[in-house]
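# Examination of the molecular architecture
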Protein chains: 2
Amino acid sequence: MGRSCKFIGMASSDAGVRAVAGSFGEAAASPAASAARFRVAVPSVASRVAAELRYQLAEGTLLPGEKLTEATIAEELGVSRNTVREAFAELASERLVVRHPNRGVFIASLGAGDIHDVYTVRRAIEVSSIRNGGSPERIAAVRAAVEEGRKAAEAGDNEGLGSANQHFHRAIVGLAESHRLDMIMAQVLAEMRLFFHKATVDAKFYSGWLEENDRICTALEAGRTEEAGELLLAYLNASEEKQRSVHGE
Amino acid sequence: MGRSCKFIGMASSDAGVRAVAGSFGEAAASPAASAARFRVAVPSVASRVAAELRYQLAEGTLLPGEKLTEATIAEELGVSRNTVREAFAELASERLVVRHPNRGVFIASLGAGDIHDVYTVRRAIEVSSIRNGGSPERIAAVRAAVEEGRKAAEAGDNEGLGSANQHFHRAIVGLAESHRLDMIMAQVLAEMRLFFHKATVDAKFYSGWLEENDRICTALEAGRTEEAGELLLAYLNASEEKQRSVHGE
DNA sequence: ATTCTCCAGATTGTTCAACGATTCAGCATT
DNA sequence: AATGCTGAATCGTTGAACAATCTGGAGAAT
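Remember, it's a predicted structure, so these values are computed and weren't measured experimentally. (Residues numbered from 1 in each chain as written. Chains lettered and ligands numbered in written order. Predicted model: local features only at pLDDT ≥ 70, side-chain atom pairs only at ≥ 80, totals over all residues. Heavy atoms only, no water.)

## Description of the overall build of chain A
Check the secondary structure of chain A and you find eleven helices and three strands. For chain A, the sequential pattern of α-helices and β-strands runs α-α-β-α-α-β-β-α-α-α-α-α-α-α. Burial status across chain A gives 47% buried among its 249 residues. Excluding contacts between residues fewer than 6 apart, the proportion of contacts in chain A whose partners are at least 24 apart in sequence is 73%. With an accessible surface of roughly 11900 Å², chain A has 55% of that area assigned to carbon and sulfur atoms. (Helix = DSSP H or I, 4+ residues; strand = E, 2+ residues; numbered from the N terminus. Buried < 20%, exposed > 50% of the residue type's maximum accessible area, 1.4 Å probe, protein only. Contact = heavy atoms within 4.5 Å. Areas by Shrake-Rupley, 256 points an atom, 1.4 Å probe, with all protein chains shown as cover.)

Rendered as structure tokens:
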């Protein structure tokens, strides 16, 4: 019986579209796709299920370590078990869930080692991106993220503050104008979001990096990319240290 | 009717195992998995199908742009269409195939833009890894890859030469001891393999980088990581340029 | 009391068959 | 030549089924 598909449209911002965006994002790559450039992006049901789960995951409805039962989710969302399975495959490829053969899929949880690992990736791609500078437009995007953070701070919007920080770092990676780097960064940030629910938004946690971001951005605008890279690196190291202290060990 | 599963075991070296390795590779991350640490790694059928396709892809049996029909492959490999579908999802997440909704999946092909993109990723993670040095064991692994290349050159083994080069660069990323960076590198290399079939192994293509690798490795061993990074960066830039010239535009 | 064996219940992995939806190519129409 | 239609092929999704595997506990053995 076809149910009401109540989860349509509540996809998590960009995640839901990405799966489909990938199918026409490489217009230059596949000649056959050049004709259908403006295809209407209607994500498959599987992708929407994945998006819904991503949403609940970012929202904190689903907690790390929790088990996801195929049948349950299939019924809850009114889709076939097979479709849920495809959604799981999608999420597993993003490391948001872990598959244990014959046991099921569990929401991923970052261990102490993973924290260092994630920050290693961030150091690699963020510092590399900023050291090579970027077009004026891309630099402007970085500045915009700094402004966004400042406004959120003034408004006392803690939620917006965290999101602005993510925009800042995403904008930095954006300097490189590399689709693949953007994807990697998005994935890493998604993994970290999973984690932030433990280290609940700590007021002190965000203190300080507002001006830090400003300084980094200023150095970047002035063309002192080497200095910007150093500042960013220092920030990432400090951030990792903070995370580690918050998260035991 | 259960067929003979003739493709069991012919998985492409590491690719086939990786999907499963991921399910118990994070022993520290998921506490629940600690008990079943030594589980026998029997990849699911879907993973084996994916491995088989990866193999044919690396082998050149399947060419970029080619279409993969679900039903055909399902019959050829004696598995269900649904399973093939899961395999496709796996490959799509690795960018080895591209999904066109309602049209099918096609073997990915790298365009001019993708080349630059891929090299941007490599510059970011390889240079970052080498600049931070690494443990003696990891450095020894880099040296081993250089030796492997030298021996292959002496033996006139062109095939082994290319593979040694990949080992070299993988060893460099290995310096960072980051599982995620390793995965990213493996994926990027897999993508490039797809591409090399066009720029058929050109003798001149490999000329020069043998000593280049040696010099990079020597600098690394001497602790001159900054210099090693510069050399590596120069190599990557030159390599990208070569690729671009070979590949039109 | 601890360990071992074994069994029943639950969940996953995989297959199969079916149906609507979408695309594509060829042909007819204007 | 451009447009619109029709039919075949393929994809997306569903639902049901079955074997394989895991889980947890009851009972037996030490």
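## Some points on empty space enclosed by the protein
Residue and element names in this part refer to chain B. If you walk through the whole model with that rule in mind, you get four cavities of 30 Å³ or more. Here the largest cavity defines a volume of roughly 50 Å³. If you go around the largest cavity, the residues you meet are L110, I115, V118, Y119, M192, F195 and Q243. If you list the elements that add at least two residues to the lining of the largest cavity, you get α5 (112-131) and α8 (179-196). Per-element accounting of the lining of the largest cavity gives the leading share, three residues, to α5. Considering only residue class, the lining of the largest cavity consists of six nonpolar, one polar and no charged. (1 Å grid on protein atoms, 1.4 Å probe; cavity = no way out; pocket = protein on both sides within 12 Å on 5 of 7 lines; lining within 4 Å. Points joined across faces, edges and corners; volume = space filled by probe spheres on them. Nonpolar A, V, L, I, M, F, W, Y, C, P; charged D, E, K, R; others polar.)

## Description of the interface of chain B and chain A
With 39 residues of chain B at the contact, the number on the chain A side is 39 residues. Summed over the three residues of chain B that lose the most area to chain A, namely B:E86, B:R95 and B:R180, the buried surface amounts to 20% of that side. Across the contact surface, chain B and chain A share eight salt bridges. Of the charged contacts in the structure, one is a salt bridge between A:D114 and B:R180, with a shortest N-O distance of 3.2 Å. If you look at where chain B meets chain A, you find 14 residue pairs in polar contact (both at pLDDT 80 or more). If you list the elements that add at least two residues to the side of chain B that touches chain A, you get α4 (81-93), β2 (97-100), α5 and α8 of chain B. Considering each element in turn, the side of chain B that touches chain A owes the most residues, nine residues, to α5(B). Of the residues that constitute the side of chain B that touches chain A, the class distribution is 15 nonpolar, eleven polar and 13 charged. (Buried area = accessible area lost by both parts, 1.4 Å probe. Salt bridge = Lys/Arg side-chain N within 4 Å of Asp/Glu carboxyl O. Polar contact = N/O pair within 3.5 Å; in protein donor to acceptor, adjacent residues only side chain to side chain.)

## Observations concerning the protein's contact with DNA strand D
In the vicinity of DNA strand D there are 22 residues, among which A:V45, A:T83, A:R103, B:R81 and B:R85 approach most closely. Of everything in DNA strand D that lies within 4 Å of the protein, sugar and phosphate atoms constitute 76%. Within the backbone of A:S80, a nitrogen or oxygen atom sits 3.1 Å from a phosphate oxygen of DNA strand D. Separating a sugar or linking oxygen of DNA strand D from a side-chain N or O atom of A:N102 is a distance of 3.5 Å. Secondary-structure elements contributing two or more residues to the surface near DNA strand D are α2 (45-59) and α4 (81-93) of chain A together with β1 (67-68) and α4 of chain B. Residue classes in the surface near DNA strand D are distributed as six nonpolar, nine polar and seven charged. (Near = heavy atom within 4 Å.)

## Digging into the pattern of salt bridges
Counting across every chain of the model gives 38 salt bridges over all chains. Between A:E154 and A:R150 there is a salt bridge, with the nearest N and O atoms lying 2.8 Å from each other. Taken together, the residues span about one helical turn, with A:E154 and A:R150 both in helix α6 (residues 136-154) at a distance of four residues. A residue is classified by how much of its surface remains accessible, and A:R150, at 37% relative accessible area, is partly exposed. With a shortest N-O distance of 3.9 Å, B:R215 and B:E212 are connected by a salt bridge. Placement of both B:R215 and B:E212 in helix α10 (residues 209-221) is noted, with a separation of three residues, approximately one turn of the helix.

## Quick notes on the sheet that holds strand β3 (residues 104-107) of chain A
All names here are of chain A. Spatially, three strands are ordered β1-β3-β2 in an open sheet, and the strand pairing comes out antiparallel. Only two strands of the sheet have a single partner each, and these edge strands are β1 (67-68) and β2 (97-100). Packing of α4 onto the sheet brings it into contact with β1, β2 and β3, and relative to β2 it is tilted by some 115°. (Pairing = 2+ DSSP bridges. Axes fitted to C-alpha atoms, helices over the stretch in contact; angles between N-to-C directions.)

## Topic: the protein's contact with DNA strand C
Near DNA strand C you find 22 residues, and of these A:R81, A:R85, B:V45, B:T83 and B:R103 are the closest. Here the atoms of DNA strand C within 4 Å of the protein split so that 72% fall in sugar or phosphate, with bases taking the remainder. Within the side chain of B:N102, a nitrogen or oxygen atom sits 3.5 Å from a sugar or linking oxygen of DNA strand C. For the surface near DNA strand C, the secondary structure elements donating two or more residues are β1 and α4 of chain A together with α2 (45-59) and α4 of chain B. When its residues are assigned to classes, the surface near DNA strand C shows six nonpolar, nine polar and seven charged.

## Quick look at the nonpolar core
Membership of the largest hydrophobic core comes to 75 residues, with the highest contact counts inside it found for A:I125 and B:I125. Not counting residues within four places of it along the chain, the set of residues in contact with A:I125 comprises A:V173, A:L181, A:I184, A:M185, B:A124 and B:I125. Grouped together as the second largest cluster of nonpolar side chains are 22 residues, B:L91, B:L96, B:V105 and B:A108 included. (Core = buried A, V, L, I, M, F, W, Y, C linked by side-chain atoms within 4.5 Å.)

## Here we look at the confidence of the model for chain A
Predicted confidence across chain A gives a mean pLDDT of 82, with 79% of residues reaching 70 or more. Across residues 1-37 of chain A, confidence stays below pLDDT 50; counting only partners more than four residues off in sequence or on other chains, it has 41 contacts. (pLDDT = per-residue confidence, 0-100.)

## Looking at helix α11 (residues 225-246) of chain A
Compared with an ideal rise of 1.5 Å per residue, which puts 22 residues at 32 Å, α11(A) spans 31 Å between its outermost C-alpha atoms and is within 8% of the ideal. Among the residues of α11(A), A:T225, A:A228, A:G229, A:L231, A:L232, A:Y235, A:L236, A:S239, A:E240 and A:Q243 are the ones counted as buried. (Expected span 1.5 Å × (residues − 1).)

## As for the relation of the copies chain B and chain A
Between chain B and chain A, which share one sequence, the superposing operator has a rotation angle of 180° and an axial displacement of 0.0 Å; the RMSD is 0.0 Å. Between the two chains, the operation in question is that of a two-fold axis. Every residue of chain B has its C-alpha some distance from the rotation axis, and the shortest such distance is that of B:A124, at 2.9 Å. Both copies present the same face, since 97% of the interface residues in chain B are matched by interface residues at the equivalent positions in chain A. (Least-squares fit on C-alpha atoms with pLDDT ≥ 70 in both.)

## Comments concerning the pairing of strand β3 (residues 104-107) of chain B
Residues and elements named next belong to chain B. Both β1 and β3 contribute to a ladder of two bridges, which runs antiparallel. Looking across to β3, one finds that K67 is bridged to F106. Two strands pair when backbone bridges link them, and β2 and β3 are joined in this way by four bridges, in the antiparallel orientation. Following the sheet pairing, V98 is matched in β3 by F106. Linking β2 back to β3 in an antiparallel pair, the connection comprises three residues, with N102 at a positive phi of about 65°.

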